[in-house]
Amino acid sequence: MKIEIEKVKKKQVDLSEVEPASHFPTLMEMEKAGECSFTAPVTAQVSAVWEYDHVRAAGKVETAVRLTCSRCLAEYQSSVSSEFTIFYTEAKGEELDEEVELSDEELISASYSGDEIDLTPEIAEQVMLEIPYKPLCKESCLGLCPQCGADLNAGECGCDRGGINLKMAALKKIKIEK
Ligand SMILES: [Zn+2]
Ligand SMILES: [Zn+2]
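Residues numbered from 1 in each chain as written. Chains lettered and ligands numbered in written order. Predicted model: local features only at pLDDT ≥ 70, side-chain atom pairs only at ≥ 80, totals over all residues. Heavy atoms only, no water.

S.K.: Kindly report on the overall build of the protein chain, identifying the contributing residues and their values.
M.R.: Helix and strand counts for the protein chain stand at four helices and nine strands. The order of helices and strands in the protein chain, counted from the N terminus, is β-α-β-α-β-β-β-β-β-β-β-α-α. Per-residue burial over the protein chain gives 30% buried out of 178 residues. The contacts in the protein chain between residues at least 6 apart in sequence include a share of 53% that link residues at least 24 apart. (Helix = DSSP H or I, 4+ residues; strand = E, 2+ residues; numbered from the N terminus. Buried < 20%, exposed > 50% of the residue type's maximum accessible area, 1.4 Å probe, protein only. Contact = heavy atoms within 4.5 Å.)

Structure (structure tokens):
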């Protein structure tokens, strides 16, 4: 997905695109690393306008992934959706500035050179940011029994985990008292 500078200088540019995740190398790296698998194409909608000396690109990306719960190891589906606004300023000289995240994390400042802006890396980046580092099938996931490995979401396995729980409680107490 590309914004042509000459066009956006004249009027607003609206772009929308549906691309398979396999077209984004960084997303494929995530799949290879086993972090997730993409179950839907990546859809992106971006509106770009020229403002004073920069391009303001506001958009939304959506896709869906299959994740593995970090507590109970169950696989589950999750939708991914992210909205973003990027200010692209023309790079002075040869080097492109590093991306800078402004105080509001939704606003990103970046630079471009040449006569168009390629949004592809930013679309991939927005998807990556939405994928949890430690996925949970649900906030209240009980995880697996440390003794027998049973999925505690499915019910009590009958193991005596009292000792472990007491130790945990004691540790928590010490932290609070500090
Ligand atoms: Zn879980
Ligand atoms: Zn058990």
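Having seen the structure, we can now continue with the description.
S.K.: Pulling in residues and values, what's your account of the coordination of the zinc ion (ligand 1)?
M.R.: Those donors, Cys69 (SG), Cys72 (SG), Cys137 (SG) and Cys141 (SG), are the protein atoms that reach the zinc ion (ligand 1), and they lie 2.2 to 2.3 Å from it. Note that the zinc ion (ligand 1) binds four donor atoms; their angles at the metal cover 107 to 113°, and the shape is tetrahedral. Spacing between the donor residues of the zinc ion (ligand 1) along their common chain follows C-x2-C-x64-C-x3-C. Of this pair, cysteine 69 sits in the loop between β5 (54-68) and β6 (75-90) while cysteine 137 is found in the loop between α3 (120-130) and α4 (162-177), placing the two residues 68 residues apart along the sequence. (Donors = N, O, S within 2.8 Å, 3.2 Å for Na, K, Ca; no water. Tetrahedral: all angles 85-135°; square planar, octahedral: opposite > 155°, others 65-115°.)

S.K.: Give a description of the nonpolar core that names residues and reports values.
M.R.: Formed by 37 residues in total, the largest nonpolar core has its most connected members in Leu27, Tyr88 and Ile131. Where this core is concerned, the elements lending two or more residues are α1 (5-10), α2 (25-32), β4 (42-51), β5, β6, β8 (107-112) and α3. Among all residues touching tyrosine 88, those that are not within four sequence positions of it are His54, Val55, Ala57, Ala110, Ser111, Tyr112, Ile117, Leu119 and Glu122. (Core = buried A, V, L, I, M, F, W, Y, C linked by side-chain atoms within 4.5 Å.)

S.K.: Would you mind going over the environment of glutamate 19 in detail, with residue names and values included?
M.R.: Inspection of the secondary structure puts glutamate 19 in strand β2 (residues 13-19). A sequence separation of 24 residues divides glutamate 19 from threonine 43, and the C-alpha atoms of the two residues are 6.4 Å apart. Those residues within four positions of glutamate 19 in sequence are excluded, and the remaining contacts are Phe24, Pro41 and Val42. Looking at glutamate 19, its side chain comes within polar contact range of the side chain of histidine 23, at 2.3 Å. (Polar contact = N/O pair within 3.5 Å; in protein donor to acceptor, adjacent residues only side chain to side chain.)

S.K.: Before we move on, could you go through the packing of aromatic side chains and cite the residues and values that matter?
M.R.: A complete count under the given rule lists zero aromatic pairs for this structure. Note that lysine 9 overlies the ring of tryptophan 50, its terminal NZ or CZ placed 4.9 Å from the centroid. (Phe/Tyr/Trp six-rings, centres within 6.5 Å; stacked < 30°, edge-to-face > 60°. Lys NZ or Arg CZ within 6 Å of the ring centre and 35° of its normal.)

S.K.: So what's going on with the coordination of the zinc ion (ligand 2)? Residues and values would help.
M.R.: When a metal holds four donors in a tetrahedron, each ideal angle between them is 109.5 degrees; when it holds six in an octahedron, the ideal angles are 90 or 180 degrees. Protein ligation of the zinc ion (ligand 2) involves Cys145 (SG), Cys148 (SG), Cys157 (SG) and Cys159 (SG), the donor distances falling in the range 2.3 Å. Bound by four donor atoms, the zinc ion (ligand 2) shows angles of 107 to 112° at the metal and therefore tetrahedral coordination geometry. Taken in sequence order, the residues that donate to the zinc ion (ligand 2) follow the motif C-x2-C-x8-C-x1-C. A residue is classified by how much of its surface remains accessible, and cysteine 157, at 29% relative accessible area, is partly exposed. Given the relative accessible area of 25%, cysteine 159 is considered partly exposed.

S.K.: Residues and numbers for the environment of tyrosine 88, please.
M.R.: Here tyrosine 88 lies in strand β6. Looking at tyrosine 88, the relative accessible area reads 5%, which means it is buried.

S.K.: Please set out unusual backbone geometry residue by residue, giving values where relevant.
M.R.: Most peptide bonds adopt trans geometry, and most residues besides glycine take a negative phi value. Although it is not a glycine, tyrosine 52 adopts a positive phi angle of roughly 55°. Along the polypeptide, tyrosine 52 turns up in the loop between β4 and β5. Taking relative accessible area as the criterion, tyrosine 52 reaches 78% and is therefore assigned exposed. The residue leucine 73 is not glycine, and still its phi comes out positive at about 65°. Following the sequence through the fold, leucine 73 ends up in the loop between β5 and β6. When its relative accessible area of 55% is taken as the criterion, leucine 73 is described as exposed.

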